[in-house]
Amino acid sequence: MRASCSTIFFLPPFVPIPKTPTPPPPPLFTREIEYRLSNTHTHSHFHSLSYPHRGWSWRIKRKYMEGDAGRDLGCQKTMDGKANEDIPSCCLKARAFAPDPELQANCHATVVSGWFSESRSSADDVAKRMYFNNPMWPGEAHSLAVEKILFKEKSEYQEVLVFESTTYGKVLVLDGILQLSEKDECAYQEMIAHLPLCSIKSPKNVLVVGGGDGGVLREISRHSSVELIDICEIDKMVIDVSKKFFPELAVGFEDSRVHLHVGDAVEFIRNVPEGKYDAIIVDSSDPVGPAQELVEQPFFEMLARALRPGGVLCNMAESMWLHTHLIQDMISVCQKIFKGSVHYAWTSVPTYPSGVIGFILCSTEGPPVDFRNPVNPIEKLEGALDHQRELKFYNSQMHKAAFALPPFVRKEVKCL
């Protein structure tokens with residue numbers, strides 16, 4: 001995901017495998033092998049992958065799975081947003097080592113002191129390391145080394161966590177799902193904002209759904225033609241936390257063109273005048289809990305009604321490596337509603353599962369929109385490249401490249 005090669009890595013302490021014959025595994029037996037993807041002298045970044053049983057002889061984590069093998073399994077949240085308060089079954093490695101009291105005091109359900117913790121030497125006193133383990137995607141775990149937990153609290157809608165990581169700066173997590181890190185947020189925020197806004201001439205009225213961290217607002221504000229930026233975010237705690245811990249993103253709220261609406265986006269858009277916006281950007285989290293309604297057909301129909309003829313929508317649309325079935329469903333719905341054009345684009349975000357995230361871009365019937373070729377190039381907008389801060393990821397070349405899709409995606413997402 002972030003390295004050119006990977007090596008098998010053995011985590012101390014090891015538990016020797018008994019020499020006595022191991023009984024044959026049941027059909028749904030898996031073993032997890034940790035392998036390291038970066039510096040061979042640090043533990044700052046790991047992935048775990050599940051492999052079928054092939055008689056591996058090194059120390060492994062075993063688990064017996066119940067039910068549908070394609071749906072794990074105690075680690076995924078249900079679509080109604082209910083979460084397991086305990087450590088998921090796929091993270092039982094957290095129990096492999098005795099918990100350290102000093103680390104337990106600075107611990108979280110997904111930052112487990114017993115998970116990948118180590119003692120360097122007796123002279124280091126309690127030289128332990130903690131890792132954030134994202135358990136939302138069956139068969140793999142993405143981990144980041146945690147320097148310190150800065151904030152953890154439950155809002156009315158979700159749990160909000162902020163921690164300082166070793167290599168990616170501060171990290172924002174909502175209900176156990178990593179939302180952004182300081183190091184790679186630019187790739188997501190810049191692409192989700194400029195892919196739609198650079199595809200139409202002189203956008204004036206823009207709506208952001210979600211985006212409570214402020215990063216999308218920061219990017220929209222580069223466009224001097226924009227006169228109004230409405231943002232509807234359901235969770236005020238996300239906004240407050242971003243202003244405190246992520247000022248480089250929350251600077252977007254300081255623009256005088258921004259009008260903040262704290263509340264339910266579905267209700268907000270239901271009351272929006274028809275054809276009000278030139279562009280709508282849906283910066284929602286994964287479709288669980290409060291964000292579930294934001295990927296359903298009635299919501300897309302309301303978005304289309306709120307756009308002018310030839311208006312554009314950019315909606316977060318999962319990873320092509322993991323969710324082609326969801327992408328297929330979303331595009332099929334959008335093609336029924338948006339009579340202009342519907343396209344899929346993607347970008348690289350290292351801290352997201354599989355390292356990529358996608359976007360669905362749609363236009364309503366009216367003046368044609370060629371998403372693949374920016375008619376409003378960012379390089380020609382006065383002051384846009386340096387507004388608030390320099391662009392780090394997006395440019396017109398990246399814009400065009402974002403629509404290039406590998407053959408397997410076109411094969412699996414047949415409506416593209």
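Relevant structure appears above.
Residues numbered from 1 in each chain as written. Predicted model: local features only at pLDDT ≥ 70, side-chain atom pairs only at ≥ 80, totals over all residues. Heavy atoms only, no water.

## Structural notes on the overall build of the protein
Tallying secondary structure elements over the protein gives 10 helices and 16 strands in all. Residue burial in the protein is summarised as follows: out of 416 residues, 55% are buried. Partitioning the intrachain contacts of the protein with sequence separation of at least 6 by distance along the chain shows that 67% fall at a separation of at least 24. (Helix = DSSP H or I, 4+ residues; strand = E, 2+ residues; numbered from the N terminus. Buried < 20%, exposed > 50% of the residue type's maximum accessible area, 1.4 Å probe, protein only. Contact = heavy atoms within 4.5 Å.)

## A closer look at the packing of aromatic side chains
Inspection of the entire model under this criterion finds five aromatic pairs. Between Y188 and Y352, the aromatic rings sit 5.9 Å apart at their centres with planes inclined by 70°, giving edge-to-face as the arrangement. In this pair, Y188 is assigned in helix α2 (residues 185–197) and Y352 in the loop between β15 (341–348) and β16 (356–363), connecting sequence segments 164 residues apart. Taking relative accessible area as the criterion, Y188 reaches 5% and is therefore assigned buried. Among the aromatic residues, ring-to-ring pairing joins Y188, Y352 and F359 into one connected group. Note that K183 overlies the ring of Y168, its terminal NZ or CZ placed 5.1 Å from the centroid. (Phe/Tyr/Trp six-rings, centres within 6.5 Å; stacked < 30°, edge-to-face > 60°. Lys NZ or Arg CZ within 6 Å of the ring centre and 35° of its normal.)

## Things to note about the sheet that holds strand β10 (residues 205–210)
With mixed pairing, seven strands are arranged side by side in an open sheet as β12-β11-β10-β13-β14-β16-β15. Both edges of this open sheet fall to β12 (258–262) and β15, since each of them pairs with a single strand only. Taking the axes of each pair of neighbouring strands and ignoring which way they run, one obtains an average angle of 15° across the sheet. Direction of pairing for β10 relative to strand β13 (residues 277–283): parallel, over a ladder of five bridges. Directly across from L207, in β13, lies its bridge partner I280. Against the sheet, α2 makes contact with β10, β13, β14 (307–316), β15 and β16, and its axis sits at roughly 155° relative to β13, the strand it touches most. (Pairing = 2+ DSSP bridges. Axes fitted to C-alpha atoms, helices over the stretch in contact; angles between N-to-C directions.)

These figures come from the coordinates and say nothing about function on their own.
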